[in-house]
Amino acid sequence: MNNKMRKLKETVKKIIPKHHLSSVRIMYRIAMETIYGIKRTGLMNIAIIAAMAAILTIFGTLFRTSFSLSSFVDKLGNAFEISVYLKSNTDPVYMSSMLKEIEHIKKISIIPKEEAWEEMSGEMDVRGLENPLPDTLHITIDDPANIIKVCDDIKKVSGIEDMSYAQEVAEKLQTLTNVFNTVTVFVLIIVAILTIIIINSTIQLVIQSRKEEIEIMRLMGVSNWYIKMPLILQGAVYGFLGAIISLIPLNIVQNGLMKLHSFLMVSCSDFSMNLVVLFLFVIAIFFSAGGSMLSIKKHLQV
C-alpha cells in the first residue's frame, strides 16, 4: 500500500510542476482551514445561514416583484392614449407630422370627425343633427412615465382645441413604481448592513477562538493572506448557502407572479428571474466576504 502511494506521489510530481504543486497544497490548506473554521462555529452556523436566507429572501422577493410591477406598468401605459382634439380649421395630417417631432411620442393615429360621427351614429340616434365632433389624434407614448411631459409639450402647439388622458391613473402608476423602486434600494442597503453585522460577529468569534493559533502562525512568518483567506472564504460560504436556501421561498413567489402574469395576460420573460438569482448570489457572497474583511481589519492586525 505504501509503495503504491509513493508511486502515485512520484507520478503526480512528474505531471505537475513543483511550483504548481506548492500552489495546490496552499489552496488545499486554505480550504481545510475554512472548513475547520465552520466546524468550530458549531450550531451557530444554522442561525447564521437562516438569518442570511431570511434577509436575502425579503430582498429577492421585492426585487423580483419590482420586475413584475414594471411589466404591468408598461402594459397599462401602452394602453393609455392621449386624445388630442383639433380646431375646425386645422389639418389633421399636418398636425400629426408636427406632433411627431415631440420627444417620446411613439405613434399617432388620425380619427377624422366623419369617421367618429359615423361610429356614433351607429350607437345612437343622431338623425337631423350636424356633426359637432372635431378631428382627433390618438397619441401613444414610449413610456408611461413621460405622459405628463408629452402633454405639456403638446399644449404648446397651436391649433389644438383640447386634449384628455387618464392623468390620475398615470400619476398613480408612476408614483407606485417610484415608491417600489425606492423601497427595493432601501432594502438592499438594509441587507448589506445586516449581512455585514452578522458576518462581522461570526468572524470575530472565530478570531477569538483561534487567537493563539493565529499568533503562532504570525511568529512563524506565515503570509497574512494565508491567515485572512480562510476567514474571508468562511463568510462567503455563509452568503452562498444563505442564497441557496432563499431560492426555495423565492421560487414560490416566482410561481405566484407567473400565474398572475398569465391571468392578466401580461408577458414576463424568464430573464428577470435569472437576473434576480444572479444578483442575489453576487450580493450575498460579496457582502459576506466584505463583512469578513472588515472584521479581520478590526479585530486582527494582519
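Think of each chain on its own: its residues are numbered from 1, step by step along the sequence as written. With the structure being a predicted model, the display of local features is reserved for residues of pLDDT at least 70 and the display and counting of side-chain atom pairs for 80 or more, all residues being used for whole-chain, interface and lining totals. The side-chain values count all of the structure's non-hydrogen atoms but skip hydrogen atoms and water molecules.

Peer 1: Teacher, can you tell me more about the pattern of salt bridges here?
Peer 2: It is possible for side chains bearing opposite charge to pair when their charged atoms get close. Salt bridges are identified by distance alone: a Lys or Arg side-chain nitrogen within 4 Å of an Asp or Glu carboxyl oxygen. According to the stated counting rule, one finds 2 salt bridges in the structure shown. For Lys-149, the salt bridge identified is with Asp-153, shortest N-O distance 3.3 Å. Residue Lys-149 and its partner Asp-153 are both found in helix H6 (residues 147-155); the two are separated by 4 residues, about one turn of the helix. Here Lys-149 falls in the partly exposed class, since its relative accessible area comes to 39%. Between Lys-156 and Asp-153 there is a salt bridge, and its shortest N-O distance comes to 3.9 Å. Here the salt bridges share partners, and the residues they tie into one network are Lys-149, Asp-153 and Lys-156. A run of DSSP states H or I qualifies as a helix once it reaches four residues; a run of E qualifies as a strand once it reaches two. Both are numbered from the N-terminal end. Relative accessibility under 20% of the residue-type maximum defines a buried residue, over 50% an exposed one, and the middle range a partly exposed one, all with a 1.4 Å probe and only protein chains included.

Peer 1: Help me understand helix H4 (residues 92-99) in this model?
Peer 2: For H4, the complete set of buried residues consists of Pro-92, Met-95, Ser-96 and Leu-99. An end-on view of H4 places all buried positions within 105 degrees of arc, on one side of the element. Contacts: residue pairs with any heavy atoms within 4.5 Å of one another. Of the surrounding elements, those touching the buried residues of H4 are strand S1 (82-86), strand S2 (105-111), strand S3 (136-141), H6 and strand S4 (160-164). Whenever a nitrogen or oxygen atom comes within 3.5 Å of another N or O atom, the pair is scored as a polar contact, on the condition that within protein one atom can donate a hydrogen and the other can accept it, and that pairs from neighbouring residues in sequence are kept only if both atoms are in side chains. The backbone nitrogen of Val-93 lies 3.2 Å from a side-chain oxygen of the residue at the head of H4, namely Asp-91. The arc in question is formed by the directions pointing from the helix axis toward the C-beta atoms.

Peer 1: I keep staring at the pairing of S3 and nothing clicks. Help me out?
Peer 2: Summarising burial for S3: 5 of the 6 residues are buried, a large majority. When S1 meets S3, the two strands line up antiparallel, connected through 4 bridges. Its bridge partner being in S3, Ser-83 is matched across the sheet by His-138. Being paired, for any two strands, means DSSP has found at least two bridges between them.

Peer 1: Just to check I follow, could you spell out helix H9 (residues 224-264) for this structure?
Peer 2: For a helix, the expected span equals 1.5 Å multiplied by the residue count minus one. Here H9 contains 41 residues, and its C-alpha end-to-end distance of 57 Å stays within 8% of the 60 Å for a straight helix at 1.5 Å per residue. Maximum bend of H9: about 35 degrees, positioned at Ile-248, with proline Pro-249 one to four residues after it. What the bend at a residue measures is the angle between two axes, fitted to the seven residues ending there and to the seven starting there.

Peer 1: When you look at unusual backbone geometry in this model, what are you seeing that I'm missing?
Peer 2: Peptide bonds are mostly trans, and most non-glycine residues show a negative phi. We note that His-104 has phi near 85 degrees; this positive angle belongs to a residue other than glycine. Mapped onto the elements, His-104 comes out in the loop between H4 and S2.

Peer 1: For this particular structure, what's the right way to read the packing of aromatic side chains?
Peer 2: Geometry of an aromatic ring pair is reported as the spacing of the ring centres plus the angle between the planes. Paired rings are identified among Phe, Tyr and Trp, the last through its six-membered ring, by centres lying within 6.5 Å, and are further divided according to the angle between planes into stacked (under 30 degrees), edge-to-face (over 60) and tilted (the rest). According to the stated counting rule, one finds 6 aromatic pairs in the structure shown. Measuring from ring centre to ring centre gives 6.0 Å for Phe-59 and Phe-279, while their planes differ by 40 degrees; the resulting arrangement is tilted. On the criterion of sequence distance, the pair formed by Phe-59 in helix H3 (residues 44-79) and Phe-279 in helix H10 (residues 271-299) is long-range, its members being 220 residues apart. Among the residues examined, Phe-279 registers a relative accessible area of 31% and is labelled partly exposed. Considering the side-chain rings of Phe-286 and Phe-287, the 5.8 Å spacing of their centres and the 55 degrees angle between planes classify their relative orientation as tilted.

Peer 1: In this structure, what is going on with the confidence of the model for the protein? I would like to understand it.
Peer 2: In regions of low pLDDT, the predicted coordinates are not meant to be interpreted in detail. Scored between 0 and 100, pLDDT is the confidence that the predictor attaches to each residue. Looking at the protein as a whole, its pLDDT mean stands at 77, while 80% of the residues score no less than 70. Per-element mean pLDDT across the protein ranges from 54 in helix H1 (residues 2-15) up to 86 in H9.

Peer 1: Please explain the environment of Leu-188 as it appears in this structure.
Peer 2: Looking at the element boundaries, Leu-188 is found in helix H7 (residues 167-209). Note on Leu-188: relative accessible area 22%, which makes it partly exposed. Separated by 132 residues in sequence, Leu-188 and Leu-56 have C-alpha atoms that sit 9.0 Å apart. Once residues lying within four places of it in the same chain are set aside, the contact partners of Leu-188 are Phe-59, Phe-279, Ile-283 and Phe-287.

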